[in-house]
Amino acid sequence: MTDNSLAIRKFSDLANPTRFLALAARLLPWLIGATVLFFVAGLTLAFTTEGDYQQGETVRIMYIHVPAAWLSMMCYTVMAISALGTLVWRHPLADVSAKAAAPIGAAFTLMALITGSLWGKPMWGTWWVWDARLTSVFVLFLMYLGLIALNRAIDEPGKAAKLCAILILIGFVNIPIIKFSVEWWNTLHQPASVVRLDGPTIDPEFLRPLLVMAVAYTLLFFTLHIAAMRNEIWRRRVMALRRQAARSIDREA
Amino acid sequence: MTALFLRDIRLAVRAGGGAMIGVLFFLTVVAVVPFAIGPDLNLLSRIGPAILWIGALLSCLLGLDRLFQAEREDGSLDLMLMQETPLVLTVLVKCVAHWMASGLPLVLAAPLLGLFMNMDSLAIGATMLTLLVGTPAITFIGAAGAGVAVALPRGGLLVSILVLPLAIPVLIFGVSAAYAAVQDPAPFLPPLMILIAITLFFAVIGPVAAAAALRSSSD
Amino acid sequence: MSPHVAYVAASYAAAAVLILALIGWVFLDGRARRQELKKLEEAGVRRRSETKRTS
């Protein structure tokens, strides 16, 4: 029964999980290699460039903090596209993609928060300020955790996928509103803020390692995402096989 | 539609319907705050609008998971899914009825609590106005959460977690408009206008998302 | 300068721990799933679409 309906839904070539597994197996070694390469290059660059005269050594935190913040937003975008795929095109891999991306996105967001906090302590003298950017990243983190919790709370994969997709999309249209309102709130509450995240325009000397690290992070994300998607497909396959085995035992008995 | 509206209001107002419990919760939350921060009247009047808003937000969320639950239990949810009128419209009517039964009492209870908080009449009026404009937004966005909660065995808490981050803009503009009315330099109208815009925006996406969630959880 | 170096080291360590935890989770999860699949295959349970091929 389940297998039949799966076969019909997975008719189109791209949507075929078996084909996806084959593609992932071919792609993953290359992705892993590229990720390692870029990380080595990025870290070397990050530690060979000179420290900023203003920020000193702490500028090196930027190379791991800023890409993590970028990735936290890109991951949500990937999830939103997957959610569209689930709801509009009923792509069978879309909900696998959304489910696999959520923990990765939460981890990157947490990384951005921790490294940002560690950067803020020597720079601003405090672990946390209710700055617009920090606050909206924190809200994003809460949303990731809520989505993961929701996905775990529903047993049926199909139903969980649809409901999560709806919430992901609501969140996606809400993120700009939240960002905007937090900025408004921030200017209202602390008009003469000493905190300036953007500071002077970035010197190309810092930009180079930053961009290399950003590429490395992006590659890392896609590597992990594809691997996690593969795990999820395997998990569903195991579940389907167990159900099938249980049924055939029933029939024999 | 009118029949559904009236039925929902009657059900909510009846004893055990939950509307009065929401107001009671609101009263209790606001009454507990002075015990936490001390009986300093100046401080209380300064943070009064914020406390009223937090209390209203929490008590709005409290009743929301029941929005579709009763319908699911007695089976009328399936009727709503099958009937001629579009589900989005049904959900919208249910939201409005829910707000009339549980949001409006909060707005009416706000002045009384404002007096407890030693707020002056201008601040009370401004808070009431922002609550009147802002609580529908919470109901609408919460309806989407309630639509999701229908599929969960006990989804109330999880829905609050999911909806609260989305309600942050409402809180920000509600409170800042209420403060702007009292503090001189800050303009009152822009935050109020944005609050209205958010409410209207949520009035569109909330029912649409709730309808989609109800549909996907029923099949 | 030295306390700042500690902050840099701490943030790099935190990022490394998180990334390694992520990689470890994905890797171990994948290995566990693969073992389950293998065990099922040994028990003779096959997907209907895979009765002819072996993969």
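Since the model is a prediction, treat every value here as computed from it, not as a measurement. (Residues numbered from 1 in each chain as written. Chains lettered and ligands numbered in written order. Predicted model: local features only at pLDDT ≥ 70, side-chain atom pairs only at ≥ 80, totals over all residues. Heavy atoms only, no water.)

A.B. asks: Quick question: what am I supposed to make of the overall build of chain B here?
C.D. replies: Scanning chain B for helices and strands turns up ten helices and zero strands. Helices and strands in chain B line up, N terminus first, as α-α-α-α-α-α-α-α-α-α. The C-alpha atoms of chain B give 18 Å as radius of gyration, which agrees with the globular expectation for 219 residues (17 Å, within 12%). Taking the principal axes of the C-alpha coordinates as reference, chain B spans close to 55 × 35 × 30 Å. Of all 219 residues assigned to chain B, the portion counted as buried reaches 53%. Pairs at least 24 apart in sequence give 80% of the contacts found in chain B among residues at least 6 apart. On chain B, roughly 9600 Å² of surface is accessible, and the fraction owed to carbon and sulfur atoms is 72%. In chain B, 9 side chains carry a positive charge and 11 a negative one; their mean positions are 6 Å apart. (Helix = DSSP H or I, 4+ residues; strand = E, 2+ residues; numbered from the N terminus. Rg over C-alpha atoms; globule rule 2.2 N^0.38 Å. Buried < 20%, exposed > 50% of the residue type's maximum accessible area, 1.4 Å probe, protein only. Contact = heavy atoms within 4.5 Å. Areas by Shrake-Rupley, 256 points an atom, 1.4 Å probe, with all protein chains shown as cover. Lys, Arg positive; Asp, Glu negative; His and termini not counted. Charge placed at Lys NZ, Arg CZ, Asp CG, Glu CD.)

A.B. asks: How do you make sense of the nonpolar core when you look at a structure like this?
C.D. replies: One recurring pattern in soluble globular proteins is that nonpolar side chains are buried together. If you look at the biggest cluster of nonpolar residues, it comprises 148 residues, and the most contacted ones within it are Leu150(A), Ile170(A) and Tyr217(A). With 17 residues, helix α7 (residues 204–252) of chain A is the largest single contributor of residues to this core. (Core = buried A, V, L, I, M, F, W, Y, C linked by side-chain atoms within 4.5 Å.)

A.B. asks: When you look at the packing of aromatic side chains in this model, what are you seeing that I'm missing?
C.D. replies: Here the distance between the centres and the angle between the planes together describe a pair of aromatic rings. Residue and element names in this part refer to chain A. The full count for this structure, using the stated rule, is six aromatic pairs over all chains. An angle of 35 degrees between the planes, with centres 5.7 Å apart, marks the rings of Phe39 and Tyr217 as tilted. Here Phe39 is found in helix α2 (residues 17–48), whereas its partner Tyr217 is found in helix α7, with 178 residues between them in sequence. Overall, the relative accessible area of 16% leaves Phe39 in the buried class. (Phe/Tyr/Trp six-rings, centres within 6.5 Å; stacked < 30°, edge-to-face > 60°.)

A.B. asks: Can you help me understand the interface of chain A and chain C in this one?
C.D. replies: Where the parts come together, the accessible area they lose is often given as the size of the interface. Facing 42 residues of chain A, the contacting portion of chain C comprises 29 residues. Where chain A packs against chain C, one counts two salt bridges. For the salt bridge of Glu36(C) with Arg242(A), the shortest nitrogen-to-oxygen distance reads 4.0 Å. Every element with two or more residues in the side of chain A that touches chain C is listed here: α2, α3 (59–89), α4 (94–124) and α7 of chain A. Per-element accounting of the side of chain A that touches chain C gives the leading share, 15 residues, to α7(A). Here the side of chain A that touches chain C is composed, by residue class, of 26 nonpolar, seven polar and nine charged. (Salt bridge = Lys/Arg side-chain N within 4 Å of Asp/Glu carboxyl O. Nonpolar A, V, L, I, M, F, W, Y, C, P; charged D, E, K, R; others polar.)

A.B. asks: Please clarify how the packing of helix α3 (residues 41–64) of chain B against helix α9 (residues 168–182) of chain B should be interpreted in this entry.
C.D. replies: All names here are of chain B. Their axes nearest at 10 Å, the elements α3 and α9 cross at an angle of 150 degrees. Taken together, α3 and α9 sit at an angle that is classed as roughly antiparallel. As for how α3 packs across α9, the hand of that crossing is right-handed. Packed against α3, whose contacting residues are Arg46, Ile47, Pro49, Ala50, Trp53, Ile54 and Leu57, the element α9 presents Val170, Leu171, Gly174, Val175, Ala178 and Tyr179 at the interface. Partitioning the contact of α3 with α9 into residue classes produces eleven nonpolar, one polar and one charged. (Axes fitted to C-alpha atoms, helices over the stretch in contact; angles between N-to-C directions. Parallel < 35°, antiparallel > 145°, perpendicular 65-115°, else oblique. Left-handed = near helix turned anticlockwise from the far one by under 90°.)

A.B. asks: Any chance you could explain the side chain of Thr130(B) here in plain terms?
C.D. replies: All names here are of chain B. Structurally, Thr130 can be placed in helix α7 (residues 121–149). According to the relative accessible area criterion, Thr130 is buried, its value standing at 0%. When near neighbours in sequence (up to four residues on either side) are disregarded, Thr130 contacts Trp53, Gly174, Ala177, Ala178, Leu192 and Leu195.

A.B. asks: Where do I start with the interface of chain A and chain B in this structure?
C.D. replies: Across the boundary between the two partners, chain A contributes 26 residues, which contact 28 residues of chain B. Of the roughly 2300 Å² buried between chain A and chain B, counting both surfaces, carbon and sulfur atoms make up 86%. Interface area lost by chain A to chain B is led by Lys159(A), Leu163(A) and Trp184(A), which between them contribute 22%. Taken together, the connections running from chain A to chain B amount to zero salt bridges. Joining chain A to chain B, the criterion identifies zero residue pairs in polar contact (both at pLDDT 80 or more). Of all the secondary structure elements, the ones that give two or more residues to the side of chain A that touches chain B are α5 (132–153) and α6 (157–189) of chain A. It is α6(A) that contributes the most residues to the side of chain A that touches chain B, 17 residues altogether. Of the residues assigned to the side of chain A that touches chain B, the class counts are 20 nonpolar, four polar and two charged. (Buried area = accessible area lost by both parts, 1.4 Å probe. Polar contact = N/O pair within 3.5 Å; in protein donor to acceptor, adjacent residues only side chain to side chain.)

A.B. asks: How do you make sense of the pattern of salt bridges when you look at a structure like this?
C.D. replies: Residue and element names in this part refer to chain A. Under the defined criterion, the tally for this structure stands at eight salt bridges over all chains. Glu232 serves as the salt-bridge partner of Lys99, at 3.3 Å between the closest nitrogen and oxygen. Taken as a pair, Lys99 in helix α4 and Glu232 in helix α7 lie far apart in primary sequence, 133 residues in all. The exposure class assigned to Lys99 is partly exposed, which follows from its relative accessible area of 29%.

A.B. asks: What should I look at first to understand the environment of Ile64(A) in this one?
C.D. replies: By the element assignment, Ile64(A) lies in helix α3. Along the primary structure Ile64(A) and Thr115(A) are separated by 51 residues, whereas in three dimensions their C-alpha atoms are 7.6 Å apart.

A.B. asks: Even after reading the chapter, I still don't get the environment of Phe108(A), so can you show me in this structure?
C.D. replies: All names here are of chain A. Within the secondary structure, Phe108 sits in helix α4. Note: C-alpha distance between Phe108 and Arg60 (48 residues apart in sequence) is 18 Å. In this view, Phe108 contacts Ala68, Leu71, Ser72, Tyr217, Leu220 and Phe221; residues no more than four positions away in its chain are not counted.

A.B. asks: Any chance you could explain a nonpolar patch on the surface here in plain terms?
C.D. replies: Residues and elements named next belong to chain A. On the surface, Trp70, Met73, Leu207 and Leu211 cluster together to form a nonpolar patch covering roughly 380 Å² of accessible area. At the level of elements, α3 and α7 are the ones that each hand at least two residues to the nonpolar patch. Position of Leu207 relative to the elements: it lies in helix α7. Accessibility expressed as a relative area gives 34% for Leu207, which makes it partly exposed. (Patch = residues over 30% accessible without salt bridge, like charges linked within 9 Å, V, L, I, M, F, W, Y side chains within 5 Å.)

A.B. asks: Explanation requested: α2(A) in the structure shown.
C.D. replies: For an α-helix the count is 3.6 residues per turn, leaving residues at separations of three or four pointing the same way. Residue and element names in this part refer to chain A. Here α2 spans 44 Å end to end across 32 residues, near enough to the 46 Å set by a 1.5 Å rise per residue. Largest kink in α2: about 35 degrees, centred on Leu27, with the proline Pro29 one to four residues after it. Taken together, the buried positions of α2 are occupied by Pro17, Phe20, Leu21, Ala24, Leu28, Leu31, Thr35, Phe39, Gly42 and Ala46. (Expected span 1.5 Å × (residues − 1). Bend = angle between axes of the 7 residues up to and from the residue.)

A.B. asks: Sorry, what's going on with the packing of helix α6 (residues 87–116) of chain B against α7(B) here?
C.D. replies: Helix-helix packing: each pair is described by the crossing angle between the helix axes and the interaxial distance. Residue and element names in this part refer to chain B. Put simply, α6 and α7 touch, their axes get as near as 9 Å, and they point 150 degrees apart. Of the possible angle classes, the one that applies to α6 and α7 is roughly antiparallel. When you trace α6 past α7, the crossing you get is right-handed. The residues of α7 that touch α6, namely those facing Leu92, Cys95, His98, Trp99, Leu104, Val107, Ala110, Pro111, Gly114 and Leu115, are Ile124, Met128, Leu131, Leu132, Thr135, Pro136, Thr139, Phe140 and Ala143. Its residues placed into classes, the contact of α6 with α7 shows 15 nonpolar, four polar and no charged.

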